[in-house]
Amino acid sequence: MNEIIVVGAGFAGSVCSRILAEAGFRVLIVEKRDHVAGNAFDYLDADGILVHKYGPHIFHTNSKRIFEYLSRFTDWRFYEHRVLALVDGKLYPIPINQTTISRMYGTSPNEAAIESFFEKVRVPCDKITTSEDVVLSSVGYELCEKFFRGYTLKQWGLDLSELSAGVAARIPTRVNDDDRYFTDSFQFMPSRGYTQLFQRMLDHPRIAINLGTDYFERPHEMQCHHLIYTGPIDRFYDYRFGPLPYRSLRFEFQHFSDIESFQPVAQINYPNDFEYTRITEFKKLTGQVHDGTSIAREYSQPVGEPFYPIPTQSNEILFKRYQQLADNEHSVTFVGRLAQYRYFNMDQAVAAAMLAAETVITKFRKNK
Ligand code: FAD
Ligand code: UDP
């Protein structure tokens, strides 16, 4: 019998595996895709440009511990993400900041004037529960329509008012001219890409990996003392309470051999008018030098591979029913974005994995 089986070789599964292997456990990872790294997977496209197969991944965290842990497996390139949004034919910084307002209204307000502008347009809200509350109470109706409502509808197939507050709360509003997407203390890209980071993390004599293996298709080979599961939690329980909604995406990649730069920043958002939500130009994320350039247009869709848990009140209630089953398992740990049904960033998936692995180690030591 295997000592530990880990389902999924994304951040959650890989970090758990490494910690457990270093603690002396033998780990078998089963991954249904033909590669490691989960949704952070990157590869060289046919034209030699490092692209992210499942959408742009920018590493950012405030946790020194997580940054230092991952630094064991990669060097980093300093990178601060900047995003523009195309609204009424013009490009504006998003998150909305001083420059966004001055460009939109043709004035040059100082920070105090921006503050009183937001004070004037914001819609007071006693209790913030939805993403609409978040946006309206910070920037008011007009900016909500221009920057948020259309994007959100495309991305989630839902109105802002149907989504939990945490979704729109990811995007701050600023009165100064800071145009960075994130303000975390550590903002870096792995200098040789995410896949190489994973290859190094998984390079351990007590870790074996079976790629192209779906956990549910080979039940007789999956006997183990403890299972760590990072796939969708509803699938694990055979959809007993009905399927948990996950949002999917489709990516359209394009290479240009005759132009060096496609757009002014790595990411442009298209809140309105286009079918896609955003275009990413990969070289601008990775700093790669190349005569041509590769981009991806991102389209959101209701079916396909599960990429995002959908944070609504009713989905949370359904998830809690599955979580109750999970809480009663003694030899299965559920961890990661799909298994915990949480809109985790990479650093949060790493934090959850560290906690899960330590819990498993403690449990085994007690039982010895
Ligand atoms: P995953 O990476 O999804 O890994 C789960 C793995 O389990 C997958 O490889 C899957 O194939 C495998 N699996 C599932 N079921 C089975 C099965 N039955 N048998 C075998 N294997 C199975 N985070 C950031 O911090 N910054 C960003 O810029 C960022 N951008 C993102 C952009 C997009 C488009 C998306 C979708 C996510 C983004 N994220 C970003 C979030 C980031 O991808 C996740 O936080 C992280 O990948 C979660 O890791 P995970 O291991 O929980 O899940
Ligand atoms: N959002 C928006 N307009 C934007 C950017 C974001 O309305 O230009 C909203 C939208 O609902 C989106 C959420 O904020 O899904 C979170 O955005 P983020 O960029 O964090 O999404 P992710 O990178 O996780 O897809």
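Up top is the structure.
Residues numbered from 1 in each chain as written. Chains lettered and ligands numbered in written order. Predicted model: local features only at pLDDT ≥ 70, side-chain atom pairs only at ≥ 80, totals over all residues. Heavy atoms only, no water.

Visitor: Now, about the site of ligand 2: what can you tell me, with residues and values included?
Guide: Residues in contact with ligand 2 amount to 15 residues; listed here are only the nearest, W156, R170, Y181, Y308 and Y343. Interatomic distance of 2.5 Å between a side-chain N/O atom of Y181 and an oxygen atom of ligand 2. Y343 is positioned such that a nitrogen or oxygen atom in its side chain is 2.6 Å from an oxygen atom of ligand 2. Notes on ligand 2: free accessible area 530 Å², of which the protein chains cover 94%. (Near = heavy atom within 4 Å. Polar contact = N/O pair within 3.5 Å; in protein donor to acceptor, adjacent residues only side chain to side chain. Areas by Shrake-Rupley, 256 points an atom, 1.4 Å probe, with all protein chains shown as cover.)

Visitor: Before we move on, can you summarise the environment of Q263 with the specific residues and values?
Guide: Along the chain, Q263 falls in the loop between β12 (246-256) and β13 (267-269). If near-sequence neighbours (up to four positions away) are discounted, Q263 is found in contact with I268, I279, T280, E281 and K284. (Helix = DSSP H or I, 4+ residues; strand = E, 2+ residues; numbered from the N terminus. Contact = heavy atoms within 4.5 Å.)

Visitor: Lay out the nonpolar core in plain terms, naming residues and giving numbers.
Guide: Generally speaking, soluble globular proteins have nonpolar side chains that are buried together. In terms of nonpolar packing, the biggest core is built from 113 residues, with F11, L70 and F147 touching the most fellow members. Broken down by element, the residue count for this core peaks at 11 residues, all from helix α11 (residues 346-367). When neighbours within four sequence positions are excluded, F11 is seen to be in contact with A40, L70, Y194, F198, M346, A349, V350 and A353. Grouped together as the second largest cluster of nonpolar side chains are 9 residues, L84, I268, I279 and I295 included. (Core = buried A, V, L, I, M, F, W, Y, C linked by side-chain atoms within 4.5 Å. Buried < 20%, exposed > 50% of the residue type's maximum accessible area, 1.4 Å probe, protein only.)

Visitor: Describe the sheet that holds strand β17 (residues 332-334), naming the residues involved and giving the relevant values.
Guide: Within a sheet, adjacent strands bond to each other through the backbone by hydrogen bonds, running parallel or antiparallel. Taken in spatial order, the 5 strands of this open sheet run β10-β2-β1-β11-β17, and their pairing is parallel. Strands at the two margins of the open sheet, each flanked by one partner only, are β10 (207-210) and β17. Taking the axes of each pair of neighbouring strands and ignoring which way they run, one obtains an average angle of 20° across the sheet. As defined by bridge partners, strand β11 (residues 224-229) adjoins β17 across 3 bridges and the pair is classed as parallel. (Pairing = 2+ DSSP bridges. Axes fitted to C-alpha atoms, helices over the stretch in contact; angles between N-to-C directions.)

Visitor: Break down helix α3 (residues 98-105) for me, citing the residues and quoting the values.
Guide: Those residues of α3 that fall on the buried side of the exposure criterion are Q98, T100, I101 and M104. Down the axis of α3, the buried set is contained in an arc of 165°. They therefore lie on one face. The inward-facing, buried residues of α3 contact β7 (83-87), β8 (90-94), α4 (111-121) and α5 (131-156). Where α3 begins, one side-chain oxygen reaches toward the backbone nitrogen of T99, 3.0 Å away; that side chain belongs to N97. (Arc of directions from axis to C-beta.)

Visitor: Residue-level account of the packing of helix α1 (residues 11-22) against helix α7 (residues 194-202), with values.
Guide: Close contact between α1 and α7 brings their axes to 9 Å; oriented N to C, the two are set at 30°. One way to sum up the angle between α1 and α7 is to call them roughly parallel. Pair α1 / α7 crosses with left-handed handedness. On the side of α1, the interface is formed by F11, S14, V15, S17 and R18, while α7 contributes Y194, F198, R200, M201 and L202. (Parallel < 35°, antiparallel > 145°, perpendicular 65-115°, else oblique. Left-handed = near helix turned anticlockwise from the far one by under 90°.)

Visitor: I'd like to hear about the side chain of T277, residue by residue, with values.
Guide: Here T277 shows up in the loop between β13 and β14 (278-281). The exposure class assigned to T277 is buried, which follows from its relative accessible area of 0%. Beyond its immediate sequence surroundings of up to four residues, T277 is in contact with Y151, K154, Q155, I268, N269, Y270 and E298.

Visitor: For the site of ligand 1, give the residues involved together with the corresponding values.
Guide: Around ligand 1 sit 33 residues, and of these E31, H57, I58, F344 and M346 come closest. Between ligand 1 and the protein, one listed contact pairs a nitrogen atom with a backbone N or O atom of K32 at 3.1 Å. At 2.8 Å from an oxygen atom of ligand 1 is found a main-chain nitrogen or oxygen belonging to F344. Computed on the free molecule, ligand 1 has an accessible area of 990 Å², of which 96% lies beneath the protein chains in the complex. Of all the elements in the fold, those that place two or more residues in the shell around ligand 1 are α1 and α11. Its residues assigned to classes, the shell around ligand 1 shows 16 nonpolar, 10 polar and 7 charged. (Nonpolar A, V, L, I, M, F, W, Y, C, P; charged D, E, K, R; others polar.)

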